[in-house]
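Residues per chain are reported as follows:
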Amino acid sequence: MFYDIIERSLKLCSRYGFNEFEVYVVDDVSTEVLGSDKGVERVVSGEEFLVGIRVVMGRKVCVYGGMVSRVEDVDVLVNSAFKIVRTLPEDREWVSLPKKLGSSVVEGIVDVGIKDLELDKYVELVNYMIKKPKDIDRRAFTTNTSIYLTYVRRVITNSYGGVVEDEKTRASISVNVKVVDGSDESGYSESYSASNLSRFNPDELVVKAVEGAVRGLRSRRVNTGSYEVVLMPRVFTSLINSLIAPALCADQVQRGRSPLKGMLGFKVFSENITIVDDGTYPGMLGSKRFDDEGIPTKRKVLIDKGMLMNYLYDTYTANIDSKESTGNAFRPTPHTVPKPWISNIIVDRGNYDLDTIVRELRNGLVIYDVIGMWLSNPVSGLLNATVANAVYVDRGEVKHSVKGVVITGDVYDLLKTDEVVLTSNKEVLGRYEVPAIYIPRISIAGEG
Amino acid sequence: MITTYEELTSLALEEALKIGANHVLVRIQEKLYEVITYDCGVLKGYSVGRVSGLGIRVLVNGGVGYVYTTSLNRESIVGSIKRAVSIARSLSRYGRIEYVDIKPVKDFFKVDIKVDPYNIDPEVKVGLVKEVNTSSMKKDGIKSVITRLAYEVDRRYVVSSDGVNVGGEVTLVGFSHTAVAKYGMTSEKVSNSKTFVGGYEFIESNDWLLFADEVDKLAIKTSQAKTPTPGTYVAVLDNEAVGLLIHEAFGHASEGDLVITGSSVLRGMVGERVASELITIVDEGIVNGGYPVPYDDEGVSKGRTVVVKDGILNEFLSSRYVGGRLGCGSTGNARVQDITYDSVVRQTNYYVEPKDLSIDELFDGISYGIYIVGRGTSGGEVDPSIGTYTFSIGPSYIVRDGEPTELVRGVVVSGNILETLMSVDAVAKDLKVITNVFGGCGKDGQTVRVGFGGPHIRVRKLVVGGL
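Treat the numbers as computed from the prediction; the structure is a model and nothing was measured.

1. A closer look at the overall build of chain A
Right, on to step 1. Secondary structure summary: chain A contains ten helices and 19 strands in total.
Right, on to step 2. Referenced to the eigenvectors of the C-alpha coordinate spread, the extents of chain A come out at roughly 75 × 55 × 35 Å.
Right, on to step 3. Split into buried and exposed, the 448 residues of chain A put 58% on the buried side.
Right, on to step 4. A separation of at least 24 residues holds for 72% of the contacts in chain A among residues at least 6 apart in sequence.

Now the structure itself:
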């Protein structure tokens with residue numbers, strides 16, 4: 001059915017006389033194993049065919065698509081797109097679809113163990129992650145855990161004649177652990193997300209979840225005030241994803257919704273911060289051979305020693321700025337309009353050992369987890385998040401755990417000073433490979 | 001060739017029972033979602049998406065398998081059934097899942113619409129969005145504007161081997177406007193949207209230029225506003241802010257699946273005080289302004305569930321599986337985003353019941369506090385296991401001597417939901433429940449439409465963050 005859909009879509013689009021057209025077809029086979037404290041609960045599995053048709057008449061553009069139940073459903077999609085596109089106003093910024101499609105060589109994006117799924121193996125793994133916390137700490141238990149595995153085939157072709165095709169696997173594994181100690185309790189989750197399972201270690205995952213839950217016991221708020229903080233890689237990742245990544249996307253820059261507009265070539269962060277986007281990085285979650293409109297992925301430096309070097313482009317935004325696409329077109333589903341987004345973000349490591357940084361804190365927090373970072377405002381750069389798992393450090397000594405206080409600040413002020421330093425250790429977290437970061441001053445709303 | 005949902009469900013039920021399933025549930029869905037987006041005077045997208053397919057859940061000796069397919073031919077459906085039964089049989093050795101009994105029911109629910117949005121000429125819809133968007137772009141101080149018009153038609157059927165045969169078709173339409181204003185070095189974004197359960201008549205009967213103008217003016221004022229001083233405030237929360245707080249911070253904790261896994265701060269607290277005696281919280285399938293859920297995605301009737309009665313925790317939300325583990329029936333809260341997911345316990349229309357005070361009376365006696373306004377709120381996040389929450393709130397107001405005064409931006413509130421609800425000391429009479437065609441509630445990777453709201457309430461202590 002996969003190739004029948006492509007063939008039929010191409011034939012129909014050619015017949016309708018569009019000036020340009022693009023066909024994007026995805027075959028997604030997914031399986032999820034879910035477990036709770038009571039054991040393995042269920043398996044959800046299935047296959048879906050998704051089609052996106054982008055058609056252009058003059059400078060009028062329409063995207064239509066969705067799930068396809070039968071090959072003949074394509075007729076409805078193309079016909080509907082035809083009916084709509086004729087009535088639309090012209091997009092004066094439209095130039096063209098990508099005129100040359102292509103692929104990069106990317107390693108580690110197909111895991112045979114995911115593609116040729118041995119279900120029993122993963123059911124056993126979930127069962128293991130349910131039982132393991134008790135072996136580490138008798139106060140701990142798994143509240144829920146899941147393994148989500150996907151095998152995806154994609155084809156993109158357009159009226160300029162190019163065709164690109166790839167396959168990719170993805171694994172997302174999570175475990176949530178709770179620790180109960182008398183009347184006190186604490187929870188923590190750990191996860192693994194990548195294109196393959198080569199780095200996955202269930203013991204390590206569960207141990208870190210148990211350690212996090214134990215660390216959160218007997219927490220209390222600190223007083224409202226200004227503190228030094230260390231954002232552990234998970235929190236720094238969340239900050240980049242919510243505040244910096246959107247501001248680097250060309251569509252946001254062009255529409256005046258990025259504080260980084262007009263800042264190319266200027267210092268925007270500490271000279272200790274270098275950020276790279278790399279869709280070709282082996283085995284990471286966002287690694288793939290081409291982006292969601294068929295442009296080869298590649299490596300590009302976004303922030304070099306604090307200086308803004310590049311924005312992220314898809315074809316549409318690149319045409320507006322008379323540039324080449326950076327291979328960063330992103331579509332959550334084939335029938336949505338592409339827009340620029342990150343592939344994988346790599347932050348250069350620093351020279352400092354985490355323990356050394358913590359020992360030198362005078363009045364600070366080491367923050368392991370937050371909630372609500374995504375509520376921060378990338379248009380203004382205003383960071384807001386609530387601490388969910390942290391420790392308070394007084395003159396180098398860990399005093400107690402902290403949660404429920406709010407960290408706030410302008411991210412471009414917080415990260416601009418060269419007093420900001422990064423650790424030498426990094427973590428891979430889905431699409432991000434980042435170290436921990438020390439920030440000398442941040443505003444915290446807590447008690448009083 | 002299979003052409004009707006009756007043929008599809010009959011085939012699925014018969015095949016699954018024939019090869020050993022003890023219980024079978026079939027879901028069929030057809031959905032259309034259209035969104036038109038104008039961004040800074042340019043038509044950024046005319047996008048239409050369809051969902052169509054079938055999901056089948058089988059129970060075999062206590063094991064559960066759920067398999068979905070978007071290919072609606074006999075071969076794919078029979079293959080999916082065999083796989084579901086095989087998975088369920090395999091899982092039966094890890095434990096035994098049971099579903100509580102429910103009443104067999106046959107029904108079909110359809111939202112009445114006067115004007116079908118599908119039949120409106122695309123040129124007319126695009127023209128409206130363009131007019132509103134380009135008009136806003138001309139205003140001094142406005143730097144960026146996104147305007148959207150969307151509608152969705154979601155038709156679902158749920159059929160089970162124990163007598164459920166229900167269906168429904170819900171149509172939503174909505175209009176959304178986001179303006180970014182810049183003042184000096186400060187850019188601030190303000191959004192608002194309106195959603196209606198029904199047809200395009202809603203779009204035709206409203207003045208969207210006026211709606212957008214209010215958003216634009218507020219964005220300009222907000223960009224010139226200060227952030228509040230961080231600290232603890234006496235706060236009055238408006239309807240939307242209350243709805244968001246209750247849905248996110250309390251509602252999720254009252255979902256029974258989190259309770260049975262020890263992931264809710266409310267577990268073991270039925271019969272105990274969890275809020276001020278002024279607080280009664282309800283989850284209800286059909287509420288004026290909310291998202292209609294007459295039946296959940298297990299085909300269970302969704303009536304009215306009183307979760308908290310006068311401050312005392314009364315009942316959790318449940319599904320057929322969770323209800324069994326909690327030792328109660330299903331409250332009709334098993335919901336799915338679409339057929340590619342099996343159901344989890346979700347809220348429907350979750351709100352605080354009104355009392356009898358006027359809104360003005362809530363402000364009386366506040367010498368210094370904050371008026372939290374939910375319009376344009378980015379959303380919230382909660383850790384239901386401990387009740388910690390955080391919300392990014394839209395432009396709000398400092399309260400001085402009983403009156404809302406200067407506007408403040410960048411307001412973030414956080415706290416522990418039980419402490420917050422315990423400190424409620426006044427509830428107004430102005431109940432309002434809303435839903436949203438542009439978004440919904442996320443859980444376990446699924447998004448479903450919900451309704452949320454309540455009356456204005458006053459909280460004695462609320463932690464507010466700011467610069």
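And the narrative resumes.
2. Digging into the overall build of chain B
Right, on to step 1. A count of helical and extended segments in chain B gives ten helices and 26 strands.
Right, on to step 2. Its C-alpha atoms give chain B a radius of gyration of 24 Å, within 12% of the compact-globule value 23 Å for 467 residues.
Right, on to step 3. Once the C-alpha set of chain B is aligned to its principal axes, its extents read approximately 70 × 55 × 35 Å.
Right, on to step 4. Looking at chain B residue by residue over its 467 residues, the buried ones come to 59%.
Right, on to step 5. Look at the contacts in chain B between residues 6 or more apart in sequence, and 75% of them connect residues 24 or more apart.

3. Here's the deal with the packing of helix α1 (residues 2-16) of chain A against helix α2 (residues 73-85) of chain A
For any two helices packed against each other, one specifies the inter-axial angle together with the distance between the axes.
All names here are of chain A.
Right, on to step 1. Contact pair α1 / α2: the axes reach a minimum separation of 10 Å and the direction vectors enclose 30 degrees. The orientation of α1 relative to α2 falls into the category roughly parallel. Both α1 and α2 take part in a crossing whose hand is right-handed. Across the interface between the two elements, Ile5, Arg8, Ser9, Leu12, Cys13 and Tyr16 from α1 touch Val74, Asp75, Val78 and Phe82 from α2.

4. Points about the environment of Leu431 of chain B
All names here are of chain B.
Right, on to step 1. Its location among the elements puts Leu431 in the loop between β21 (424-427) and β22 (432-434).
Right, on to step 2. Along the backbone, Leu431 and Gly454 are 23 residues apart, and their C-alpha atoms lie at a distance of 4.9 Å.
Right, on to step 3. The residues contacting Leu431, other than those within four sequence positions of it, are Pro354, Gly453, Gly454 and Pro455.

5. A short note on the domain arrangement of chain A
All names here are of chain A.
Right, on to step 1. The domains assigned to chain A are domain 1 (2-213) and domain 2 (219-448).
Right, on to step 2. In this structure, domain 1 and domain 2 have C-alpha centres spaced 24 Å apart.
Right, on to step 3. Each partner contributes residues to the interface: domain 1 has 35 residues there, and domain 2 has 27 residues.
Right, on to step 4. Broken down by secondary-structure element, the contributors of at least two residues to the side of domain 1 that touches domain 2 are β1 (20-36), β2 (39-57), β3 (60-67), β5 (163-181) and β6 (184-194).
Right, on to step 5. The residue inventory of the side of domain 1 that touches domain 2, partitioned by class, reads 16 nonpolar, 13 polar and six charged.

6. A look at α2 of chain A
Right, on to step 1. Helix length check: α2 of chain A, at 13 residues, gives a terminal C-alpha distance of 19 Å against a target of 18 Å (1.5 Å per residue), a fit within 8%.
Right, on to step 2. For α2 of chain A, the complete set of buried residues consists of Asp73, Val74, Leu77, Val78, Ala81, Phe82, Ile84 and Val85 of chain A.
Right, on to step 3. Buried-residue contacts for α2 of chain A involve α1, β2 and β3 of chain A together with β2 (42-60) and α3 (122-137) of chain B.

7. Digging into unusual backbone geometry
Residues and elements named next belong to chain B.
Right, on to step 1. A positive phi angle, near 50 degrees, is found at Asn61, a position not held by glycine.
Right, on to step 2. Within the secondary structure, Asn61 sits in the loop between β2 and β3 (63-69).
Right, on to step 3. On the basis of neighbour counts, which here come to 14 C-beta atoms within 10 Å, the residue Asn61 falls in the partly exposed class.
Right, on to step 4. Located in the positive-phi region is Asp310, a residue other than glycine, with phi close to 50 degrees.
Right, on to step 5. Mapping Asp310 onto the fold places it in the loop between β10 (304-309) and β11 (312-313).

8. Description of α3 of chain B
Right, on to step 1. Compared with the 22 Å implied by 1.5 Å per residue over 16 residues, the 22 Å span of α3 of chain B between its first and last C-alpha is a close match.
Right, on to step 2. Close packing links the buried residues of α3 of chain B with β1 (23-39), β5 (142-160), β6 (164-183) and α5 (208-223) of chain B.

9. Considering the interface of chain A and chain B
Right, on to step 1. On the chain B side, the residues contacting the 69 residues of chain A number 72 residues.
Right, on to step 2. Residue composition of the side of chain A that touches chain B, by class: 24 nonpolar, 29 polar and 16 charged.
Right, on to step 3. Here β3 of chain A pairs with β2 of chain B via four bridges, running parallel. Bridged to Gly65 of chain A within β2 of chain B is Gly49 of chain B.

10. Quick notes on the domain arrangement of chain B
All names here are of chain B.
Right, on to step 1. Segmentation of chain B into domains returns domain 1 (5-223) and domain 2 (231-465).
Right, on to step 2. Taking the mean C-alpha position of each, domain 1 and domain 2 sit 22 Å from one another.
Right, on to step 3. The interface is formed by 43 residues belonging to domain 1 together with 30 residues belonging to domain 2.
Right, on to step 4. If you list the elements that add at least two residues to the side of domain 1 that touches domain 2, you get β1, β2, β3, β4 (105-110), β5, β6, β7 (186-197) and α5.
Right, on to step 5. A per-element tally of the side of domain 1 that touches domain 2 places β6 first, with eight residues.

11. Describing the sheet that holds strand β9 (residues 281-284) of chain B
Right, on to step 1. Strand order in this open sheet of six strands is β11-β10-β9-β14-β25-β22 (chain B), and the pairing throughout is mixed. A single partner strand is all that each edge strand has here, and the edge strands are β11 and β22 of chain B.

12. Some details on the pairing of strand β14 (residues 363-371) of chain A
Residues in a regular strand project their side chains so that they alternate between the two faces of the sheet.
Residue and element names in this part refer to chain A.
Right, on to step 1. Here β14 lies mainly inside the structure; eight of its nine residues are buried.
Right, on to step 2. For strand β7 (residues 225-231) and β14, the ladder comprises four bridges, and the chain directions are parallel. Across the sheet, the residue bridging to Val230 is Val366, located in β14.
Right, on to step 3. Of the pairings in the sheet, the one linking β14 to strand β15 (residues 382-394) comprises eight bridges and is antiparallel in character. Its bridge partner lying in β15, Leu365 is registered against Tyr392.

13. Topic: the nonpolar core
Right, on to step 1. Membership of the largest hydrophobic core comes to 289 residues, with the highest contact counts inside it found for Leu231 and Ile367 of chain A together with Ile372 of chain B.
Right, on to step 2. In terms of residue count, β2 of chain B provides more of this core than any other element does, ten residues in total.
Right, on to step 3. Other than its neighbours up to four places away in sequence, Leu231 of chain A contacts Phe236, Leu239, Ile367, Ala436, Ile437 and Ile439 of chain A.

14. Describing the environment of Tyr5 of chain B
Residue and element names in this part refer to chain B.
Right, on to step 1. One can find Tyr5 in helix α1 (residues 5-18).
Right, on to step 2. Under the C-beta neighbour-count criterion, Tyr5 is labelled partly exposed, with 19 such atoms within 10 Å.
Right, on to step 3. With 24 residues separating them along the chain, Tyr5 and Gln29 place their C-alpha atoms 9.4 Å apart.
Right, on to step 4. When residues no more than four places from it in sequence are discounted, the contact partners of Tyr5 are Ile28 and Tyr157.

15. Some points on the packing of helix α4 (residues 119-136) of chain A against helix α5 (residues 202-215) of chain A
All names here are of chain A.
Right, on to step 1. Between α4 and α5, whose axes approach to 9 Å, the crossing angle comes to 45 degrees. Comparing the axis directions of α4 and α5 gives the class oblique. Classified by chirality, the crossing of α5 by α4 is right-handed. Judged by residue contacts, Leu125, Tyr128, Met129, Lys132, Pro133 and Ile136 of α4 engage Pro202, Val206, Val207 and Val210 from α5.
Right, on to step 2. For the contact of α4 with α5, the residue count by class is nine nonpolar, no polar and one charged.

16. Details of the confidence of the model for chain B
Right, on to step 1. Per-residue pLDDT for chain B averages 93, and the proportion of residues at 70 or more is 99%.
Right, on to step 2. Predicted as a complex, the structure gets a pTM of 0.88 and an ipTM equal to 0.84.

17. Section: the environment of Asn333 of chain B
Residue and element names in this part refer to chain B.
Right, on to step 1. Relative to the helices and strands, Asn333 resides in the loop between α8 (320-326) and β12 (334-335).
Right, on to step 2. You can call Asn333 buried: it has 31 C-beta atoms within 10 Å.
Right, on to step 3. Separated by 36 residues in the primary sequence, Asn333 and Asp297 place their C-alpha atoms 8.0 Å from one another.

18. A word on the pairing of strand β8 (residues 275-278) of chain A
All names here are of chain A.
Right, on to step 1. Here four bridges tie β8 to strand β9 (residues 299-304), and the two strands are oriented antiparallel to one another. Looking across to β9, one finds that Val276 is bridged to Val301.
Right, on to step 2. For β8 and strand β13 (residues 345-347), the ladder comprises three bridges, and the chain directions are antiparallel. Each residue of the ladder has a partner; that of Ile275, found in β13, is Val347.

Thresholds, definitions, all that
Residues numbered from 1 in each chain as written. Chains lettered and ligands numbered in written order. Predicted model: local features only at pLDDT ≥ 70, side-chain atom pairs only at ≥ 80, totals over all residues. Helix = DSSP H or I, 4+ residues; strand = E, 2+ residues; numbered from the N terminus. Buried ≥ 20, exposed ≤ 12 C-beta atoms within 10 Å, placed from the backbone. Contact = placed C-beta atoms within 7 Å. Rg over C-alpha atoms; globule rule 2.2 N^0.38 Å. Axes fitted to C-alpha atoms, helices over the stretch in contact; angles between N-to-C directions. Parallel < 35°, antiparallel > 145°, perpendicular 65-115°, else oblique. Left-handed = near helix turned anticlockwise from the far one by under 90°. Domains from an automatic or database assignment. Nonpolar A, V, L, I, M, F, W, Y, C, P; charged D, E, K, R; others polar. Expected span 1.5 Å × (residues − 1). Pairing = 2+ DSSP bridges. Core = buried A, V, L, I, M, F, W, Y, C linked by C-beta atoms within 7 Å. pLDDT = per-residue confidence, 0-100.

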